[in-house]
Amino acid sequence: MTDDRDNAIRQVHRALRGFEGGASGKVRRVALAPDGSAAYVDLRTVGEAWRDAATGAVVWRGE
């Protein structure tokens, strides 16, 4: 969890490099639930990434 979009993308990228091909991750924009509960509401997906099984590259799709 971070308020820094670029940092979130770097962290997902770094994590995926440590996994085998086929692993995936998302960076999502969230907000606190409006009812005051300790929950988050998913607003949108900022980006999705996966580790390509053939090349080992981390591939991104999104903003």
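Residues numbered from 1 in each chain as written. Predicted model: local features only at pLDDT ≥ 70, side-chain atom pairs only at ≥ 80, totals over all residues. Heavy atoms only, no water.

1. Points about the pattern of salt bridges
Line of reasoning, step 1. Scanning all chains against the criterion turns up three salt bridges.
Line of reasoning, step 2. As a salt-bridge pair, Asp6 and Arg5 come within 3.6 Å of each other at their nearest N and O atoms.
Line of reasoning, step 3. A salt bridge links Arg28 to Asp42, with the nearest nitrogen and oxygen atoms 3.3 Å apart. With a gap of 14 residues between them, Arg28 in strand S1 (residues 24-32) and Asp42 in strand S2 (residues 40-51) connect regions that are remote in the sequence.
Line of reasoning, step 4. Judged by relative accessible area, which is 47%, Arg28 ranks as partly exposed. (Salt bridge = Lys/Arg side-chain N within 4 Å of Asp/Glu carboxyl O. Helix = DSSP H or I, 4+ residues; strand = E, 2+ residues; numbered from the N terminus. Buried < 20%, exposed > 50% of the residue type's maximum accessible area, 1.4 Å probe, protein only.)

2. What about the pairing of S2?
Line of reasoning, step 1. Alignment of S1 against S2, held across nine bridges, turns out to be antiparallel. By the bridge assignment for S2, Gly25 is matched with Ala49.
Line of reasoning, step 2. Note: S2 against strand S3 (residues 58-62), five bridges, orientation antiparallel. Residue pairing in the sheet places Gly47 in a bridge with Gly62 of S3.
Line of reasoning, step 3. Connecting the antiparallel pair S2 and S3 is a turn made up of six residues, with Gly56 showing a positive phi of about 80°. (Pairing = 2+ DSSP bridges.)

3. A few points about the nonpolar core
Line of reasoning, step 1. Formed by Ala8, Val12, Leu16, Ala23, Val27, Val46, Ala49 and Val58, the largest nonpolar core amounts to eight residues.
Line of reasoning, step 2. Breaking this core down by element, the ones donating at least two residues are helix H1 (5-17) and S2.
Line of reasoning, step 3. Looking at which element gives the most residues to this core, the answer is H1, with three residues.
Line of reasoning, step 4. Apart from the residues lying within four places of it in its own chain, the contact partners of Ala8 are Thr2 and Val27. (Core = buried A, V, L, I, M, F, W, Y, C linked by side-chain atoms within 4.5 Å. Contact = heavy atoms within 4.5 Å.)

4. Side note on the confidence of the model for the protein
Line of reasoning, step 1. Averaged over all residues, the pLDDT of the protein is 93; the fraction at 70 or higher stands at 98%.
Line of reasoning, step 2. Per-element mean pLDDT across the protein ranges from 93 in S3 up to 96 in S2. (pLDDT = per-residue confidence, 0-100.)

5. Section: a nonpolar patch on the surface
Line of reasoning, step 1. A cluster of nonpolar side chains, Met1, Leu32 and Tyr40, forms an exposed patch at the surface whose accessible area comes to about 420 Å².
Line of reasoning, step 2. Among the structural elements, Met1 can be located in the segment before H1.
Line of reasoning, step 3. Residue Met1 is classed as exposed on the basis of its relative accessible area, which comes to 79%. (Patch = residues over 30% accessible without salt bridge, like charges linked within 9 Å, V, L, I, M, F, W, Y side chains within 5 Å. Areas by Shrake-Rupley, 256 points an atom, 1.4 Å probe, with all protein chains shown as cover.)

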